[in-house]
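Each chain is listed here by its residues.
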Amino acid sequence: MKPRAGLLFSLLLLALLTGTGSDQSRDTGGIQQGLNGLEEEEAEQKEEQESFVDGGVAVYNGDGVDVNISSSNITVPLCCGVGMTFNMTMMKCEPAAYTAPVTFHYEDGRPVEYPFMYQIQVGFLKCPAYSLSPESNPDDAFLLLPEGILKLEKGGAQIGEGEFCLLATEGELHALVCFRHEDQREFNSVVYQTLYPVGLIISAIFLGATFIVYCLVMELRDLLGRCLMCGVLCLCIAQIWIVIIQMGSSQLPTNLCIAFGILMHFFYLAAFLWLNVICFNVFLTVCRKNLLQTGVSPSRWFLVYSCYAWGLSLLICSLAVARDFAENLQNSFLPKPNFEARCWFSGDDALIIFFYGPTSVILGVNVILFCVSAYKLFSLSKSSEARTFQFTMYLKLFVLMGVTWIFEVISFFVQRETYGSSTNYIWIVFDLINIMQGPIIFFVFVCRRAVLVRVCEVLCGVRVAKETFPGHYLNAETDTVNNETTIKHSVI
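So, how was this worked out
- Residues numbered from 1 in each chain as written.
- Predicted model: local features only at pLDDT ≥ 70, side-chain atom pairs only at ≥ 80, totals over all residues.
- Heavy atoms only, no water.
- Helix = DSSP H or I, 4+ residues; strand = E, 2+ residues; numbered from the N terminus.
- Buried < 20%, exposed > 50% of the residue type's maximum accessible area, 1.4 Å probe, protein only.
- Contact = heavy atoms within 4.5 Å.
- Areas by Shrake-Rupley, 256 points an atom, 1.4 Å probe, with all protein chains shown as cover.
- Axes fitted to C-alpha atoms, helices over the stretch in contact; angles between N-to-C directions.
- Parallel < 35°, antiparallel > 145°, perpendicular 65-115°, else oblique.
- Left-handed = near helix turned anticlockwise from the far one by under 90°.
- Nonpolar A, V, L, I, M, F, W, Y, C, P; charged D, E, K, R; others polar.
- Expected span 1.5 Å × (residues − 1).
- Pairing = 2+ DSSP bridges.
- Salt bridge = Lys/Arg side-chain N within 4 Å of Asp/Glu carboxyl O.
- Disulfide = S-S within 2.5 Å.
- Patch = residues over 30% accessible without salt bridge, like charges linked within 9 Å, V, L, I, M, F, W, Y side chains within 5 Å.
- Polar contact = N/O pair within 3.5 Å; in protein donor to acceptor, adjacent residues only side chain to side chain.
- Phe/Tyr/Trp six-rings, centres within 6.5 Å; stacked < 30°, edge-to-face > 60°.
- Lys NZ or Arg CZ within 6 Å of the ring centre and 35° of its normal.

Colleague: Just checking my understanding: could you explain the overall build of the protein chain for this structure?
Modeller: For the protein chain, the count of helices and strands is 19 helices and twelve strands. Taking all 492 residues of the protein chain together, 52% fall into the buried category. The long-range fraction of contacts in the protein chain, counting pairs at least 24 apart against all pairs at least 6 apart in sequence, stands at 69%. Element-wise, carbon and sulfur atoms account for 61% of the exposed surface of the protein chain, whose accessible area totals about 22100 Å².

Colleague: Any chance you could explain the packing of helix α7 (residues 223-248) against helix α10 (residues 298-325) here in plain terms?
Modeller: Two packed helices can be described by the angle between their axes and the distance between those axes. One way to put it is that α7 packs onto α10 with a least axis distance of 10 Å and a crossing angle of 25°. Taken as axis vectors, α7 and α10 run roughly parallel relative to one another. Viewed along their axes, α7 and α10 form a crossing whose handedness is right-handed. For the pair formed by α7 and α10, the contact residues are L223, R226, C227, C230 and C234 on the first element and P298, S299, W301, F302, Y305 and W310 on the second. In terms of residue class, the contact of α7 with α10 is built from nine nonpolar, one polar and one charged.

Colleague: Teacher, can you tell me more about α7 here?
Modeller: Residues separated by three or four positions in an α-helix point in the same direction, a consequence of the helix having 3.6 residues per turn. Along its 26 residues, α7 runs 38 Å from first to last C-alpha, staying within 8% of the 38 Å computed at 1.5 Å per residue. Across the 26 residues of α7, 20 count as buried, placing the element largely inside the fold.

Colleague: Explain the pairing of strand β11 (residues 164-169) to me, please; I cannot follow it from the model alone.
Modeller: Working note: regular strand, side chains alternate between the two faces of the sheet. Within β11, six of the six residues are buried, which leaves the element mostly enclosed by the surrounding structure. The side-chain alternation of β11 yields two buried faces, one formed by F164, L166 and A168 and the other by C165, L167 and T169. As judged from the six bridges shared by β11 and strand β12 (residues 172-178), these two strands associate in the antiparallel manner. In the strand pairing of β12, L166 is matched with A175.

Colleague: Quick question: what am I supposed to make of the sheet that holds strand β8 (residues 142-144) here?
Modeller: Paired through backbone hydrogen bonds, the strands of a sheet run either parallel or antiparallel to each other. On the basis of which strands lie adjacent, the open sheet formed by three strands has the order β8-β9-β10 and antiparallel pairing. Every other strand in the sheet has two partners, leaving β8 and β10 (158-159) as the edge strands with one partner each. As defined by bridge partners, strand β9 (residues 150-152) adjoins β10 across two bridges and the pair is classed as antiparallel. Considered in β10, the bridge of K151 is made with Q158.

Colleague: What is the right way to look at unusual backbone geometry in this model?
Modeller: When glycine is set aside, most residues are seen to have a negative phi, and most peptide bonds are trans. Its identity as a non-glycine residue notwithstanding, N338 has a phi of 55°, on the positive side. Turning to its location among the elements, N338 is positioned in the loop between α10 and α11 (339-342). N338 gets classed as partly exposed once you look at its relative accessible area, which sits at 30%.

Colleague: Can you walk me through helix α15 (residues 437-445) in this structure?
Modeller: Within α15, seven of the nine residues are buried, leaving the element largely enclosed by the surrounding structure. Those residues of α15 lying buried are Q437, G438, P439, I441, F442, V444 and F445.

Colleague: Would you take a moment to explain the pattern of salt bridges for this structure?
Modeller: Opposite charge on two side chains allows them to pair when their charged atoms are near. Taken as a whole, this structure holds three salt bridges when the rule is applied. The closest approach of N and O atoms between E219 and R454, which form a salt bridge, is 3.0 Å. Residue E219 is found in the loop between α6 (182-216) and α7, and its partner R454 is found in helix α16 (residues 449-460); the two are separated by 235 residues along the sequence. With respect to burial, E219 and R454 carry one shared label: buried. Note that E457 and R454 form a salt bridge whose closest N and O atoms lie 2.5 Å from each other. Linking E457 with R454, this pair stays in helix α16, spanning three residues, or about one helical turn. For the pair shown, E457 and R454 are each scored as buried. Connected via shared salt-bridge partners are E219, R454 and E457.

Colleague: What's the story with the pairing of β12 in this structure? I'm lost.
Modeller: Among the seven residues in β12, five count as buried, and that is most of the element. Sheet topology places strand β7 (residues 129-132) next to β12; four bridges connect them, and they run antiparallel. Looking at the pairing, L132 lines up with A175 of β12.

Colleague: I tried to follow the state of the cysteines on my own but got confused; where do I start?
Modeller: Applying the stated criterion across every chain, the model contains three disulfides. Covalent S-S linkage joins C79 and C165, the inter-sulfur distance amounting to 2.0 Å. On the sign convention where negative is left-handed, the bridge of C79 and C165, at about 90° about the S-S bond, is right-handed. With C79 in the loop between β3 (75-78) and β4 (84-87) and C165 in strand β11, this residue pair connects regions lying 86 residues apart in the sequence. Taken individually, C79 and C165 each receive the classification buried, so the pair is uniform in this respect. Disulfide pairing is shown between C257 and C343; the S-S distance is 1.9 Å.

Colleague: Teacher, can you tell me more about a nonpolar patch on the surface here?
Modeller: A cluster of nonpolar side chains, namely I212, L216, V458 and L459, defines an oily patch on the protein surface of about 340 Å² accessible area. With respect to the secondary-structure elements, I212 resides in helix α6.

Colleague: I'm lost on the side chain of S131 in this one. Help?
Modeller: The residue S131 is located in strand β7 in this model. Using a relative accessible area of 1% as the deciding quantity, one classes S131 as buried. A polar contact of 3.2 Å, which involves the side chain of S131, links it to the side chain of S133.

Colleague: Mind showing me how you'd approach the packing of aromatic side chains here?
Modeller: Aromatic ring pairs: the centre-centre distance and the angle between the two ring planes describe each pair. This structure, assessed with the given rule, holds 17 aromatic pairs. Consider the rings of F280 and Y305, whose centres lie 6.3 Å apart with planes at 90°: the pair is edge-to-face. One end of the pair, F280, is in helix α8 (residues 254-287); the other, Y305, is in helix α10, and 25 residues separate them in sequence. What makes F280 partly exposed here is its relative accessible area of 32%. A relative accessible area of 4% places Y305 in the buried class. Here the aromatic residues Y268, F272, F339, W344, F345, F354, F355 and Y356 are joined through ring pairs into a cluster of three or more. Positioned above the aromatic ring of F302, the side-chain terminus of R226 is 5.2 Å from the ring centre.

All quantities given are derived from atomic positions and should not be read as evidence of function.
Listed below in structure tokens is the structure:
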């Protein structure tokens, strides 16, 4: 989730926010939490760099940095110190043969070319912070002014001494920046570190309960029911991975971090594709019913749908993994996901190519299929009650899993252009709806009397079910014409 991307990225960025208390953190969530357990190591690093903290300066020559022992009134804070980078995997500073050079610019963007001295202050921030990563997101671009002040190119905000430090990571120069407003920190902490993970856990429980009910009630496992089971299971597993990554991203070994990120990508894609299968099957039921009655069994149709949903998810996920780890693709034009850094996509470009791009296409197709199905259904002079009922049920599912995710995609692109705007909090509403999909799906597909009666029959027996729901059996017994079909349609 990147926090300003809306859910999956509020979502997906839950993995990044641990320890920062902010939705604007992309890299620092894991960094900050890792730092909490590295106080002694940081103290040792500070001791090693003491010459740079008290009276030590660097000479800026317009190209790089040389260390001297003079004095200077300009202070530039480095998170890790000269000649050191932050290892995103080990969550610690370590010596490096090469670090991205510190460069100064004027406010208009022109580089400073004359040499001057500045003092280096080493140490991480003692405040909740977020990360600026220009390489991953151009909107994060910043300038270091000759006065030692950090200026954000987007919006022009200036950040003074004590509110930021520069962080070198494998050839890139990031900046950690303090949040300035206590109420913003408290709000973000409540929303992203409490509401989101709790909501995800609750949602996963209800999704799991929905899957179990469909396993228990045979009448629910028609073709559409089995497709719904697959979609619900994928969404449940994806949300479980998000919680695991969010709660323990800094403690996860590198291989597990990568594996969890890849699995989360796969199951989210699969959830979208199974929703696409449901939309397509509803379309066939309403508009091309004869095609479903050509002698091909529902099991055959389910096999075809499975090959499509699981196969396409695997294909897209495999392309992302290959781009990330295959040596012969390191120079590819496709952006690199870099799962290792965040247990998820580390840049917007990779996220768009391998996730938001495919899901946007799927959602667009779903909208077309449902609109055509709705037009066809309501234009018919006669349509079966069961078919209309099924369409209404899955229309609710589409509104829940389709429309809200459409707003999620929109919020991702809008917030890329309005970074830092207070209006971005509007999108939290859609984030929370997406997170709480589990209870809503459970209420729509399970909390119906006919389904609850069948669950009671399976778990407690028919006698207990008749005692608990006498009205249901009384109504069923009055239909002596086609009792079995009526009951089945009421359950579905």
